[in-house]
Amino acid sequence: VLHDVAIFNRLKQPILDALESEHTDGGVRENLSEFILTAAFNRIRGHDLHALSRVEIRRALTRMPDATLAAMAFNLWRLLAQTDDADRAGYWTGTVKPFLKDYWPNDVTARTEEVSAHLARIPAVAGSAFDDAVETMIGLMRPFALQEIRYGLDFEHESDPIVLHPGGVLRLLAAIVERAAAPPSDLVSVLGKLLEARAELANEPAFWRLRQLQRPG
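Residues numbered from 1 in each chain as written. Predicted model: local features only at pLDDT ≥ 70, side-chain atom pairs only at ≥ 80, totals over all residues. Heavy atoms only, no water.

1. Overview of the overall build of the protein
Part 1 of the reasoning: In terms of regular secondary structure, the protein is built from 13 helices and 0 strands.
Part 2 of the reasoning: Helices and strands in the protein line up, N terminus first, as α-α-α-α-α-α-α-α-α-α-α-α-α.
Part 3 of the reasoning: Taking 2.2 N^0.38 as the reference for a compact globule, 217 residues should give roughly 17 Å; the C-alpha atoms of the protein span a radius of gyration of 19 Å, in line with that estimate.
Part 4 of the reasoning: A principal-axis box enclosing the C-alpha atoms of the protein has dimensions of 60 × 35 × 25 Å.
Part 5 of the reasoning: When each of the 217 residues of the protein is scored for burial, the buried share is 45%.
Part 6 of the reasoning: Relative to all contacts within the protein whose residues are 6 or more apart in sequence, the contacts with residues 24 or more apart total 71%.
Part 7 of the reasoning: Roughly 10,700 Å² of accessible area belongs to the protein as shown, and the carbon and sulfur atoms make up 49% of that amount.
Part 8 of the reasoning: Counting 24 positive and 30 negative side-chain charges, the protein places the averaged centre of each group 4 Å from the other. (Helix = DSSP H or I, 4+ residues; strand = E, 2+ residues; numbered from the N terminus. Rg over C-alpha atoms; globule rule 2.2 N^0.38 Å. Buried < 20%, exposed > 50% of the residue type's maximum accessible area, 1.4 Å probe, protein only. Contact = heavy atoms within 4.5 Å. Areas by Shrake-Rupley, 256 points an atom, 1.4 Å probe, with all protein chains shown as cover. Lys, Arg positive; Asp, Glu negative; His and termini not counted. Charge placed at Lys NZ, Arg CZ, Asp CG, Glu CD.)

Structure (structure tokens):
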């Protein structure tokens, strides 16, 4: 019922209050956050159907608990992943990127490991805009423990970014791999594939910093 814009507009304030309340069930809060995402996407596309201003949307996102923000990051990945391959770069450029740049909380408190782990998967489903997605994400994430690169970053389900976008993959890994944690189990093989794809990456300081994390043989 809440998908009906008129009903949503009438219930706007209770919905915003529920999103901010620590007493609201986590699953309910995640469902309500989808309406904020829909309102933001409509505004980006020039359809101001929901009675939510840009400031109200940003405020709602800023006040969301980590788990709800992480669920929203997952939904961004899901929406791109469900888009036809040929349309992903356009969907990223026209909708998802403006949302992240104009609405997503640009605050260190929003860069939790859980949120970052979901945001880090988005470049893999941005199609030919992989490198652009990486550059956008880097400013919104923090390093986190990554057990396996290919699985954790969704590389195994897509056209291999390691081959198609080796520079972007290196930039992404340099930004998110937590140096204090155990290195990803496939770090050695991924670094080898990066060199096969673009040998000059061996001259990059980021490459050598990652190589130093390898488990001793």
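2. Concerning the side chain of T95
Part 1 of the reasoning: Here T95 shows up in helix α6 (residues 88-102).
Part 2 of the reasoning: Accessibility expressed as a relative area gives 6% for T95, which makes it buried.
Part 3 of the reasoning: Other than its neighbours up to four places away in sequence, T95 contacts F41, I44, R45 and G90.

3. Re helix α3 (residues 26-44)
Part 1 of the reasoning: Between its first and last C-alpha, α3 extends 27 Å over 19 residues, near the 27 Å set by a 1.5 Å rise per residue.
Part 2 of the reasoning: Buried within α3 are the following residues: R29, L32, S33, F35, I36, L37, A39, A40, F41 and N42.
Part 3 of the reasoning: Its side-chain oxygen at 2.9 Å from the backbone nitrogen of G27, D25 defines the N-terminal cap of α3.
Part 4 of the reasoning: Taken from the residues just after α3, G46 is the one with a positive phi, measuring 85°. (Expected span 1.5 Å × (residues − 1). Polar contact = N/O pair within 3.5 Å; in protein donor to acceptor, adjacent residues only side chain to side chain.)

4. Structural notes on the packing of aromatic side chains
Part 1 of the reasoning: Throughout the structure, instances matching the rule amount to 8 aromatic pairs.
Part 2 of the reasoning: Taking 6.4 Å as the distance between ring centres and 85° as the angle between the ring planes, the aromatic pair formed by F41 and Y91 counts as edge-to-face. Of this pair, F41 sits in helix α3 while Y91 sits in helix α6, placing them 50 residues apart in sequence.
Part 3 of the reasoning: Accessibility expressed as a relative area gives 5% for F41, which makes it buried.
Part 4 of the reasoning: Judged by relative accessible area, which is 15%, Y91 ranks as buried.
Part 5 of the reasoning: Of the aromatic side chains, those joined through ring pairs into one cluster are F41, Y91, F99, Y103 and W104.
Part 6 of the reasoning: A cation over an aromatic ring shows up here: R121 above the ring of W77, its NZ or CZ 3.9 Å from the ring centre. (Phe/Tyr/Trp six-rings, centres within 6.5 Å; stacked < 30°, edge-to-face > 60°. Lys NZ or Arg CZ within 6 Å of the ring centre and 35° of its normal.)

5. Regarding unusual backbone geometry
Part 1 of the reasoning: Here D154, not a glycine, exhibits a phi torsion of approximately 70°, which is positive.
Part 2 of the reasoning: Within the secondary structure, D154 is located in the loop between α9 (149-152) and α10 (161-164).

6. Structural notes on the environment of A71
Part 1 of the reasoning: Mapped onto the fold, A71 is located in helix α5 (residues 66-81).
Part 2 of the reasoning: Spatially, the C-alpha atoms of A71 and R29 are 9.7 Å apart, while their sequence positions differ by 42 residues.

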